[in-house]
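Here are the chains, one letter per residue:
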Amino acid sequence: MDTDTLASTPRLTLRLHREGDLERLVAIHSRPDVARYLLEEPWSIESGQAQLERRLGRTDLAEPAGALALAIERAGALIGTVALWRTEPEPRTLEVGWTLDPDHGGRGFAGEAVAAALRLAFALDDVHRVTAQMDGRNTASARLAARVGMRQEAHHRQDFWSKGEWTDTLVFAMLADELPA
């Protein structure tokens, strides 16, 4: 494994971001069907560069405000991202988020990557709980969270103003002792 590879599955590699990821990240995040459920507008090269710079620094979960941003690769091609970050006020809780290129959807890659990220998270001695929050309209992500063993804990109605409209938020979570074997 490369030194920047943190996890692998039979089909995927989860690695730290690299400078050369910009083109693929922008290709994925500039799509309106992807950006619809994210906090940002579709990426341009300029906004993508700023996002990549932030991700390049997210390499460690050890600190109280630690974050880990990972690229999902399949056969050497970047097909998505998964991230883990510490949340406040409870440092024993992480949040997970993911994005997958829709051209690679429907084949279980996102679930495989998120399951690997959950294993990384719960391998840390101090992590008790991992949550995922998502736009309530993002039914594919909600199904994925359930598929990897997270349970839906909340459905907040019209609690977030996003891109000119009120949206619902779904909250999923998993405890360390609930991680599937």
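Enquirer: So what exactly am I meant to see when it comes to the overall build of the protein here?
Expert: Each helix and strand counted, the protein has 5 helices and 9 strands in total. Put simply, the protein runs from its N terminus to its C terminus through helices and strands in the order β-β-α-α-α-β-β-β-β-α-β-α-β-β. Relative to its length of 181 residues, the protein is compact, with a C-alpha radius of gyration of 16 Å against a globular reference of 16 Å. C-alpha atoms of the protein, sized along the principal axes, occupy 45 × 40 × 35 Å. Of all 181 residues assigned to the protein, the portion counted as buried reaches 45%. Approximately 9400 Å² of the protein is accessible, and the part contributed by carbon and sulfur atoms is 52%. The average position of the 21 basic charges and that of the 28 acidic charges among the side chains of the protein differ by 6 Å.

Enquirer: Is there a simple way to think about the packing of aromatic side chains in this case?
Expert: The geometry of two aromatic rings is summed up by the distance between their centres and the angle between their planes. This model, assessed by the stated rule, comprises 1 aromatic pair. The interplanar angle of 70° and the centroid separation of 5.3 Å between the aromatic rings of W161 and W166 together place this pair among those described as edge-to-face.

Enquirer: I tried to follow helix α5 (residues 139-147) on my own but got confused; where do I start?
Expert: For an α-helix the count is 3.6 residues per turn, leaving residues at separations of three or four pointing the same way. Looking only at α5, the buried set comprises S141, A142, L144 and A145. In an axial view of α5, the angular spread of the buried residues amounts to 160°, which keeps them on one side of the axis. In this structure, α5 carries R143 and R147 as exposed residues pointing more than 90 degrees from its buried face. Contact partners of the buried residues in α5: β6 (93-100), α4 (109-122), β7 (129-135) and β9 (165-175).

Enquirer: Is there a simple way to think about the packing of helix α1 (residues 22-29) against helix α3 (residues 45-56) in this case?
Expert: A pair of packed helices can be characterised by two numbers: the angle between their axes and the separation between those axes. The contact between α1 and α3 brings their axes to 9 Å, and the two run at 115°. When the axes of α1 and α3 are compared, the crossing they make is right-handed. Side by side, α1 and α3 meet where L22, L25, V26 and H29 of the first sit next to I45, G48, Q49, L52 and R55 of the second. Here the residues of the contact of α1 with α3 sort into 5 nonpolar, 3 polar and 1 charged.

Scoring rules and cut-offs
Residues numbered from 1 in each chain as written. Predicted model: local features only at pLDDT ≥ 70, side-chain atom pairs only at ≥ 80, totals over all residues. Heavy atoms only, no water. Helix = DSSP H or I, 4+ residues; strand = E, 2+ residues; numbered from the N terminus. Rg over C-alpha atoms; globule rule 2.2 N^0.38 Å. Buried < 20%, exposed > 50% of the residue type's maximum accessible area, 1.4 Å probe, protein only. Areas by Shrake-Rupley, 256 points an atom, 1.4 Å probe, with all protein chains shown as cover. Lys, Arg positive; Asp, Glu negative; His and termini not counted. Charge placed at Lys NZ, Arg CZ, Asp CG, Glu CD. Phe/Tyr/Trp six-rings, centres within 6.5 Å; stacked < 30°, edge-to-face > 60°. Arc of directions from axis to C-beta. Contact = heavy atoms within 4.5 Å. Axes fitted to C-alpha atoms, helices over the stretch in contact; angles between N-to-C directions. Left-handed = near helix turned anticlockwise from the far one by under 90°. Nonpolar A, V, L, I, M, F, W, Y, C, P; charged D, E, K, R; others polar.

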